[in-house]
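Fold and contact review
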Amino acid sequence: MLDGIVKDVLSEKSASSSAEKVEAAEPAPGDFEEIIRNPLEKKPGFENPASELPPSFSGKREVEENSSIRISVIGVGGAGCNSVNRIKKNGIKSARTIAVNTDKLHLGVVEAHEKHLLGRVVTRGLGSGGDPSVAAKAADADKDSLRKLIGENEIVFVCAGMGGGTGTGASPAIAKIAKEQGATVIGVVTYPFGIERSRIHRARDGLKNLMREADTVIVIENDRLLSYAPNLPIDKAFAIADEIASRAVRGISDLVVFPSLMNVDYADVRAIMKDGGLAMISIGKGSGTGAGMVEEAVSSTRNNPLLQVSYEGAKGALIHVEGSAGLSLGDATQICCGISEDFHEDAEVKMGARVNDDLSGIAVTAVITGVSAPHLFEDVPKAAAPMEAAESEILASIL
Ligand SMILES: Nc1nc2c(ncn2[C@@H]2O[C@H](COP(=O)(O)OP(=O)(O)OP(=O)(O)O)[C@@H](O)[C@H]2O)c(=O)[nH]1
Ligand SMILES: [Mg+2]
């Protein structure tokens, strides 16, 4: 099945510029394979003049009015802003979106409730030149305006791609400010492809810094995406990573803000995400009914983690089960038990269940905290094997 999807993907027109990248369309709800297939359909560009953006958090119009839970999603750098763009275009109602970048051009083409050009005096809107220390200086110079921009929140998501300059260097400072102002801070970051070489070093340091400031950091390994679809063009792989980040954020955010069949409240999310450390996300699906559907949902969720980890010892999980009107609490509970069977005995596992009539089966989104992935922090071997042609092509399109 995957082969057919990859073929579909490769026959699509490829996007290479950042401006094109941000226009990748959002997929319909469904399983991981659908996420791979759907980001490829292009939508016309959008226009979002600054004058239409809400002036402040209190001025936000699209966020659910009854909610007393304030959630902000901050995209930092190119990848982070692309994720936020997707989250905003997917129509999030439970959170405010903020795009932050040192690159004025890219900021101009992304959609968000609010935008901030980072370190205007340091970088003059021209980007960080791939240097995290420049981005850290830019964040430091903008400390006061960032404090105002971020404001007080219950939950703040900080989205970024680790390995470049801006997201890697500025995310920790932004996470720190959000936390100082009272939020539970959840990082959602991608880890570069193995072939991005020097970026791996930067990513490793950036991830360590971010983990120091955020409560939980969800990592999506780009190499894992390619292991599901090895020949995927790079822009499609990024569109998929952005969609997965979008699902993680929207899943958690909607769970807290909107009532559902089985509710998860802010205290639940805080209990799991507070000091959650390294986390991973996995997406699964189930079709049919009864035991067969439960088994499929459990195995497809456990078998497609986007971070190479062992589940043993995992210390928490937030599992969101969505299904059509036939979804029973019994089935949802069994799915949850199956996914978490070998977690640490004191693991805190919370389940949310929601009826979604747009779905024909069951869709599962699981965020699992307290996992360990030592390979992310190991030194990258200096004498690497010669690059394959396909690898060089990927590298050329990233740099
Ligand atoms: N999810 C996602 N990841 C991306 C995208 N573009 C690049 N990446 C990954 O994110 C890493 C950082 O790239 P960017 O976000 O473009 O870098 P930046 O933070 O803007 O940093 P500078 O441009 O160097 O200031 C790259 O090494 C890639 O692994 C994207 O569109 N989506
Ligand atoms: Mg950039």
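Residues numbered from 1 in each chain as written. Chains lettered and ligands numbered in written order. Predicted model: local features only at pLDDT ≥ 70, side-chain atom pairs only at ≥ 80, totals over all residues.

**Some details on the overall build of the protein**
When you go through the protein residue by residue, the secondary structure sums to 16 helices and 10 strands. Of all 399 residues assigned to the protein, the portion counted as buried reaches 53%. Sequence separation of 24 or more characterises 78% of the internal contacts of the protein that already satisfy a separation of 6 or more. (Helix = DSSP H or I, 4+ residues; strand = E, 2+ residues; numbered from the N terminus. Buried ≥ 20, exposed ≤ 12 C-beta atoms within 10 Å, placed from the backbone. Contact = placed C-beta atoms within 7 Å.)

**Details of the pairing of strand β4 (residues 155-161)**
Burial runs high along β4: seven of the seven residues are buried. Examined bridge by bridge, strand β1 (residues 71-76) and β4 share five bridges and lie parallel to one another. Counterpart to Ile-71 in the pairing with β4 is Ile-155. Two elements, β4 and strand β5 (residues 184-191), share seven bridges in a ladder whose sense is parallel. Bridged to Phe-157 within β5 is Ile-186. Following the chain from β4 across helix α9 (residues 166-180) to the adjacent parallel β5, one finds a crossover that is right-handed. (Pairing = 2+ DSSP bridges. Right-handed = clockwise from strand over helix to strand, strands pointing away.)

**Quick word on the nonpolar core**
Core analysis: the largest hydrophobic core is formed by 106 residues, its most contacted members being Val-158 and Ile-174. Sorting elements by how many residues they give to this core places helix α12 (residues 234-257) first, with 14 residues. Domain assignment of the residues forming this core places at least three in each of domain 1 (26-40 + 66-258) and domain 2 (277-376). Here Ile-174 is in contact with Ile-74, Val-76, Val-100, Ala-139, Leu-146 and Val-158, once residues within four sequence places are set aside. (Core = buried A, V, L, I, M, F, W, Y, C linked by C-beta atoms within 7 Å. Domains from an automatic or database assignment.)

**Re the packing of helix α8 (residues 143-150) against α9**
Relative orientation of the contacting elements α8 and α9 amounts to 55°, with a least axis distance of 10 Å. As far as their axial angle goes, α9 and α8 are oblique. For the pair α8 and α9, the crossing hand works out as right-handed. In this structure, α8 contributes Leu-146, Arg-147 and Ile-150 to the contact, and α9 contributes Ile-174, Ile-177 and Ala-178. (Axes fitted to C-alpha atoms, helices over the stretch in contact; angles between N-to-C directions. Parallel < 35°, antiparallel > 145°, perpendicular 65-115°, else oblique. Left-handed = near helix turned anticlockwise from the far one by under 90°.)

**Let's talk about the environment of Ile-220**
Looking at the secondary structure, you find Ile-220 in strand β6 (residues 216-221). When the 23 C-beta atoms within 10 Å are taken as the criterion, Ile-220 is described as buried. Spatially, the C-alpha atom of Ile-220 lies 9.1 Å from that of Ala-279, the residues being 59 residues apart in sequence. When neighbours within four sequence positions are excluded, Ile-220 is seen to be in contact with Thr-190, Ala-241, Ile-244, Ala-245, Ile-281, Leu-306 and Leu-307.

**Comments concerning the sheet that holds β1**
One open sheet accounts for 10 strands, arranged β3-β2-β1-β4-β5-β6-β7-β10-β8-β9; its pairing is mixed. Of all strands in the sheet, those bounded by a partner on one side alone are β3 (114-117) and β9 (348-355). For this sheet, the mean inter-axis angle between neighbouring strands, taken without regard to orientation, is 20°. Sitting on the sheet, helix α13 (residues 266-273) touches β4, β5, β6, β8 (316-323), β9 and β10 (362-369), and the angle it makes with β9 is about 140°.

**A closer look at helix α14 (residues 290-303)**
End to end, α14 covers 20 Å across 14 residues, agreeing with the expected 20 Å (1.5 Å per residue, within 8%). Every buried residue belonging to α14 is among Met-293, Val-294, Ala-297, Val-298, Ser-300 and Thr-301, and all of these are buried. Residues of α14 that are buried make contact with β7 (277-286), α15 (329-339) and β10. (Expected span 1.5 Å × (residues − 1).)

**Things to note about the site of ligand 1**
Surrounding ligand 1, one finds 26 residues, the nearest of these being Gly-77, Gly-78, Gly-161, Gly-164 and Gly-167. For the shell around ligand 1, the secondary-structure elements that each account for two or more residues are α4 (77-89), α9 and α12. The biggest single contributor to the shell around ligand 1 is α4, with five residues. Residue composition of the shell around ligand 1, by class: five nonpolar, 16 polar and five charged. (Near = placed C-beta within 6 Å. Nonpolar A, V, L, I, M, F, W, Y, C, P; charged D, E, K, R; others polar.)

**Quick look at the pairing of β5**
Side-chain positions along a regular strand alternate between the two faces of the sheet. Most of β5 sits inside the fold, with eight of its eight residues counted as buried. Side chains Thr-184, Ile-186, Val-188 and Thr-190 of β5 all project onto a buried face; the interleaved residues Val-185, Gly-187, Val-189 and Tyr-191 project onto the opposite face, where all are buried too. Where β5 meets β6, six bridges bridge the pair, whose relative direction is parallel. Within β6, the residue paired with Val-188 across the bridge is Ile-218. Running through helix α10 (residues 198-213), the crossover from β5 to the neighbouring parallel element β6 is right-handed.

**Observations regarding the confidence of the model for the protein**
Per-residue pLDDT for the protein averages 79, and the proportion of residues at 70 or more is 78%. Considering each helix and strand of the protein separately, the mean pLDDT is smallest for helix α1 (residues 2-11), with a value of 37, and largest for α9, with 98. With pLDDT under 50 throughout, residues 1-66 is counted as low confidence; its partners more than four residues away or in other chains account for 103 contacts. Considering only residues more than four positions removed or in separate chains, one finds that residues 382-387, a stretch of pLDDT under 50, has three contacts. (pLDDT = per-residue confidence, 0-100.)

**Looking at unusual backbone geometry**
With a phi angle near 50°, Arg-124 is a residue other than glycine that sits in the positive phi range. Positionally, Arg-124 belongs in the loop between α6 (120-123) and α7 (132-141). Despite not being glycine, Asp-275 shows a phi value in the positive range, around 55°. With 13 C-beta atoms counted inside 10 Å, the residue Asp-275 sits in the partly exposed group.

**Thoughts on the environment of Gly-91**
Structurally, Gly-91 is set in the loop between α4 and β2 (96-101). Once the C-alpha coordinates of Gly-91 and Arg-250 are considered, the two residues, 159 residues apart in sequence, prove to be 9.5 Å apart.

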